[in-house]
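So the chains spell out like this:
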Amino acid sequence: MSGTSPALKPPSDAVKPVRHPDAPAPGELLGAHYEQCFGCGGDQPHGLHLAARAGEGVTITAEFTVRAAHQGAPGLAHGGVLASALDETLGSLNWLLRTIAVTGRLETDFVRPVPVDTVLYLEAEVTAVAGRKIYSTATGRIGALDGPVAVRADALFIEVKVDHFIENGRPQEIRAAMDDPDQVRRTRAFEVNP
């Protein structure tokens, strides 16, 4: 990534990330962490419907198809939508650590335009952990995992307690998520959020 700010460079005492023993197996589809999520949720008609799979180590691959509802300029994906796809992919990495974390900083490079009806393939990896800080990077490619690079991002996620969501979220959604009898869905609903 060009010009990554010092805030996204891990400190000298950062450690290599360790995949949680209960993390999904490599190749396993992660599914939506929350059905109302714009990035991965199935209940969002104009959402990204991003599909992420666990990779080896602390890596994720994901993809989404750019639809007409995702346009900025005529026939091209909106930059904010592409940033959302990167953020969603990067946030999904935290499920491999079994850590609740929120985006602290996201820096994105837009390398080339992404046309409507294109499948964007994303790869992301946690590069370091320092206390509550999780450093990660992602790349989005057009048409295939080895296609031309369209977008890149570096991110810093901050580990938080579930109280972050309870204190800041809209009460109706928080209560509905917390009352879900499925423990995994209940936990994943609070996996990532800005």
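Residues numbered from 1 in each chain as written. Predicted model: local features only at pLDDT ≥ 70, side-chain atom pairs only at ≥ 80, totals over all residues. Heavy atoms only, no water.

Caption draft 1: Spotlight on the pattern of salt bridges. Applying the stated criterion across every chain, the model contains one salt bridge. A salt bridge links Arg 105 to Glu 107; its shortest N-O distance comes to 2.9 Å. Looking at Arg 105, the relative accessible area reads 37%, which means it is partly exposed. (Salt bridge = Lys/Arg side-chain N within 4 Å of Asp/Glu carboxyl O. Buried < 20%, exposed > 50% of the residue type's maximum accessible area, 1.4 Å probe, protein only.)

Caption draft 2: Just the nonpolar core, in detail. Of all hydrophobic cores here, the largest spans 37 residues; its most connected members are Leu 50, Phe 64, Leu 90, Val 114 and Leu 120. Mapped onto this core, the elements with two or more residues apiece are strand 1 (51-54), strand 2 (59-65), helix 1 (79-97), strand 4 (119-130), strand 5 (133-142) and strand 6 (149-159). Top element by residues in this core is helix 1. It accounts for nine residues. Residues in contact with Leu 120, not counting those within four places in the same chain, are Ala 62, Glu 63, Phe 64, Leu 82, Val 114, Gly 140, Arg 141, Ile 142, Ala 150 and Val 151. Of all hydrophobic cores here, the second largest spans eight residues; its members include Leu 8, Val 102, Ala 128 and Ala 130. (Core = buried A, V, L, I, M, F, W, Y, C linked by side-chain atoms within 4.5 Å. Helix = DSSP H or I, 4+ residues; strand = E, 2+ residues; numbered from the N terminus. Contact = heavy atoms within 4.5 Å.)

Caption draft 3: Structural context of the sheet that holds strand 4. One open sheet accounts for six strands, arranged 1-2-4-5-6-3; its pairing is antiparallel. Bordering the open sheet on either side are strand 1 and strand 3 (101-110), each of which pairs with just one other strand. Each strand axis lies, on average, 20° off the axis of its neighbour in the sheet, ignoring direction. Bridge analysis of strand 2 against strand 4 gives seven bridges, and the strand direction is antiparallel. Considered in strand 4, the bridge of Phe 64 is made with Leu 120. (Pairing = 2+ DSSP bridges. Axes fitted to C-alpha atoms, helices over the stretch in contact; angles between N-to-C directions.)

Caption draft 4: Region of interest: the packing of aromatic side chains. Tallied over the entire structure, the rule returns zero aromatic pairs. Cation over ring: Arg 98 sits above Trp 95, and NZ or CZ is 4.1 Å from the ring centre. (Phe/Tyr/Trp six-rings, centres within 6.5 Å; stacked < 30°, edge-to-face > 60°. Lys NZ or Arg CZ within 6 Å of the ring centre and 35° of its normal.)

Caption draft 5: Here's a closer look at the pairing of strand 6. Within strand 6, nine of the 11 residues are buried, which leaves the element mostly enclosed by the surrounding structure. Looking at chain direction, strand 3 and strand 6 are connected through nine bridges and run antiparallel. Considered in strand 6, the bridge of Thr 103 is made with Phe 157. Here strand 5 runs beside strand 6; their pairing, made up of nine bridges, is antiparallel. By the bridge assignment, Thr 139 is partnered in strand 6 with Arg 152. Between strand 5 and strand 6, which pair antiparallel and follow one another directly, the connecting turn spans six residues, one of which, Gly 143, has a positive phi of 80°.

Caption draft 6: Fine view of the environment of Val 119. Among the secondary structure elements, Val 119 is positioned in strand 4. The exposure class assigned to Val 119 is partly exposed, which follows from its relative accessible area of 23%. As a C-alpha pair, Val 119 and Ala 144 span 25 residues in sequence and 7.7 Å in three-dimensional space. Apart from residues lying up to four places away in sequence, Val 119 is in contact with Glu 63, Phe 64, Thr 65, Arg 141, Ile 142 and Gly 143.

Caption draft 7: Expanded view of helix 1. The terminal C-alpha atoms of helix 1 lie 28 Å apart, and with 19 residues this matches the ideal 27 Å at 1.5 Å per residue to within 8%. Burial of helix 1 is extensive: 15 of the 19 residues sit out of reach of the surface. Positioned one or two residues after helix 1, Arg 98 has a phi angle of 55°, which is positive. (Expected span 1.5 Å × (residues − 1).)

Caption draft 8: The arrangement of the side chain of Ser 5 in detail. Here Ser 5 shows up in the segment before strand 1. If we skip the residues at most four places from it in the chain, Ser 5 touches Arg 105 and Glu 107.

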